[in-house]
Amino acid sequence: QVKLVESGGGLVQAGGSLRLSCAASGSIFRINAMGWYRRAPGKQRELVAIVTSGGSPNYADSVKGRFTISRDNAKITVFLQMNSLKPEDTGVYYCYAVLSSGTYYSFDNYWGQGTQVTVSS
């Protein structure tokens, strides 16, 4: 059974930095994509950043130039370096992965439990 475990959230002042990590575990054959979504208070969940196998990272316009996503395929881990944080970056950040598990050719979507990021003004 695949599990995604996030870490690195917390409280930071505006202008500060945080680094989120998400490690996938379980019987995993292939990785198609790994990334991050967030849900701000009173808003729907939105894509923050995602990186697909062999592709360039994609970022939400609101975080371009401030956030950097990276991946360690050997450890099946994805990172999100968040710099110049703003109060509007506050929310629950969810790790997301598209992985093949159990069968080599079948991919499924997986979600982490979420980690809170709070940016104070």
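1. Notes on the overall build of the protein chain
Within the protein chain, the regular secondary structure consists of zero helices and eleven strands. Taken from the N to the C terminus, the helices and strands of the protein chain come in the order β-β-β-β-β-β-β-β-β-β-β. For the protein chain, the C-alpha radius of gyration of 14 Å lies close to 14 Å, the compact-globule estimate for 121 residues. With the principal axes as the frame, the protein chain shows a C-alpha extent of 45 × 25 × 25 Å. A buried classification covers 43% of the 121 residues belonging to the protein chain. Residue pairs in contact within the protein chain that sit at least 24 positions apart in sequence constitute 57% of those at least 6 positions apart. Put simply, the protein chain shows about 6400 Å² of open surface, and 47% of that area lies on carbon and sulfur atoms. Counting 12 positive and 7 negative side-chain charges, the protein chain places the averaged centre of each group 2 Å from the other.

2. Observations concerning the pairing of strand β7 (residues 67-72)
Within a regular strand, the side chains alternate between the two sheet faces. Alignment of β7 against strand β8 (residues 77-82), held across six bridges, turns out to be antiparallel. By the bridge assignment for β8, Ile69 is matched with Leu80.

3. What to know about a nonpolar patch on the surface
A cluster of nonpolar residues, Phe29, Tyr104 and Tyr105, forms a patch on the protein surface that exposes about 400 Å² of accessible area. Looking at where Phe29 falls in the secondary structure, it is placed in the loop between β3 (18-25) and β4 (30-39).

4. Examining the pairing of strand β5 (residues 45-52)
Relative to β5, β4 runs antiparallel, the two sharing seven bridges. Residue pairing across strands places Met34 opposite Val51, the latter belonging to β5. The hairpin turn running from β4 into β5, its antiparallel successor, is five residues long, and Gly42 in that turn takes a positive phi close to 75 degrees. Strand direction decides the pairing type here: β5 and strand β6 (residues 58-59), joined by two bridges, are antiparallel.

5. Structural notes on the side chain of Ser100
Checked against the element boundaries, Ser100 lands in strand β9 (residues 91-100). Within the structure, Ser100 has its side chain in polar contact with the backbone nitrogen of Arg30 (distance 2.8 Å). When sequence neighbours within four positions are dropped, the list of residues in contact with Ser100 reads Ser27, Ile28, Phe29, Arg30, Ser106 and Phe107.

The rules behind these values
- Residues numbered from 1 in each chain as written.
- Predicted model: local features only at pLDDT ≥ 70, side-chain atom pairs only at ≥ 80, totals over all residues.
- Heavy atoms only, no water.
- Helix = DSSP H or I, 4+ residues; strand = E, 2+ residues; numbered from the N terminus.
- Rg over C-alpha atoms; globule rule 2.2 N^0.38 Å.
- Buried < 20%, exposed > 50% of the residue type's maximum accessible area, 1.4 Å probe, protein only.
- Contact = heavy atoms within 4.5 Å.
- Areas by Shrake-Rupley, 256 points an atom, 1.4 Å probe, with all protein chains shown as cover.
- Lys, Arg positive; Asp, Glu negative; His and termini not counted.
- Charge placed at Lys NZ, Arg CZ, Asp CG, Glu CD.
- Pairing = 2+ DSSP bridges.
- Patch = residues over 30% accessible without salt bridge, like charges linked within 9 Å, V, L, I, M, F, W, Y side chains within 5 Å.
- Salt bridge = Lys/Arg side-chain N within 4 Å of Asp/Glu carboxyl O.
- Polar contact = N/O pair within 3.5 Å; in protein donor to acceptor, adjacent residues only side chain to side chain.

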